[in-house]
Amino acid sequence: MELTVLAVPDCPNVALLLQRLEKALPGARPPIPVQVITTEAEAAHSGMHGSPTLLVNGTDPFAAADAATSVSCRIYRAADARGDGAPSVEQLRQVLR
């Protein structure tokens, strides 16, 4: 499984996503690469739907089918519908199974 995080420069939620990924993934893994995206063209080419975006084998498992690519902040919905800066550990476990 190939994982990549896409983010705008200095995104405050990248660290949160990486921390939650570490908890969601069993065993030791090499560091997950973080690709910094600065233009709308790069976002479109790489499939970034806001920062941070997690790609699993090149696909964003949290994006709606009609979601536009974007160089922007991203809000994820927690189980209780509150906004959060990254998917929960449980949401990550579900998509990484």
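Residues numbered from 1 in each chain as written. Predicted model: local features only at pLDDT ≥ 70, side-chain atom pairs only at ≥ 80, totals over all residues. Heavy atoms only, no water.

**A closer look at the packing of helix H1 (residues 14-24) against helix H3 (residues 89-96)**
At a minimum axis separation of 9 Å, H1 and H3 run at an interaxial angle of 60°. As far as their axial angle goes, H3 and H1 are oblique. Relative to H3, H1 is oriented so that their crossing is right-handed. Facing Leu17, Arg20, Leu21, Lys23 and Ala24 of H1, the residues of H3 in contact are Val89, Leu92, Arg93 and Leu96. Counted by class, the contact of H1 with H3 contains six nonpolar, no polar and three charged residues. (Axes fitted to C-alpha atoms, helices over the stretch in contact; angles between N-to-C directions. Helix = DSSP H or I, 4+ residues; strand = E, 2+ residues; numbered from the N terminus. Parallel < 35°, antiparallel > 145°, perpendicular 65-115°, else oblique. Left-handed = near helix turned anticlockwise from the far one by under 90°. Contact = heavy atoms within 4.5 Å. Nonpolar A, V, L, I, M, F, W, Y, C, P; charged D, E, K, R; others polar.)

**Regarding the confidence of the model for the protein chain**
Summarising the model, the protein chain shows a mean pLDDT of 94, and 100% of its residues fall at 70 or more. Confidence, read as mean pLDDT per element, is least for strand S7 (residues 83-84) in the protein chain (91) and greatest for strand S2 (residues 34-36) (98). (pLDDT = per-residue confidence, 0-100.)

**Some remarks on the packing of aromatic side chains**
Scanning the model with the defined rule gives one aromatic pair in all. Between phenylalanine 62 and tyrosine 76 the ring centres are 5.7 Å apart and the planes differ by 90°, which places this aromatic pair in the edge-to-face class. Of the two residues, phenylalanine 62 is situated in the loop between strand S4 (53-56) and strand S5 (70-73) and tyrosine 76 in strand S6 (residues 76-77); the sequence distance between them amounts to 14 residues. You can call phenylalanine 62 partly exposed: its relative accessible area is 24%. On the accessibility criterion, tyrosine 76 (5% relative accessible area) is buried. (Phe/Tyr/Trp six-rings, centres within 6.5 Å; stacked < 30°, edge-to-face > 60°. Buried < 20%, exposed > 50% of the residue type's maximum accessible area, 1.4 Å probe, protein only.)

**Some points on the pairing of strand S1 (residues 3-7)**
Here S1 lies mainly inside the structure; five of its five residues are buried. A two-sided burial pattern is seen for S1, the buried positions comprising Leu3, Val5 and Ala7 on one face and Thr4 and Leu6 on the other. Both S1 and S4 contribute to a ladder of four bridges, which runs antiparallel. The residue bridging threonine 4 from the neighbouring strand is leucine 55, located in S4. Here S1 pairs with S2 via three bridges, running parallel. Across the sheet, residue leucine 6 finds its bridge partner in S2, namely glutamine 35. Following the backbone out of S1, through H1 and into the adjacent parallel S2, one traces a crossover that is right-handed. (Pairing = 2+ DSSP bridges. Right-handed = clockwise from strand over helix to strand, strands pointing away.)

**Notes on the sheet that holds S1**
Spatial ordering of the open sheet is given by S2-S1-S4, a layout of three strands whose pairing is mixed. Two strands in the sheet have a free side with no partner beyond their single neighbour: S2 and S4. Direction aside, neighbouring strands of the sheet carry axes that sit 25° apart on average. H1 rests against S1, S2 and S4 of the sheet, and its axis sits at about 165° to S1.

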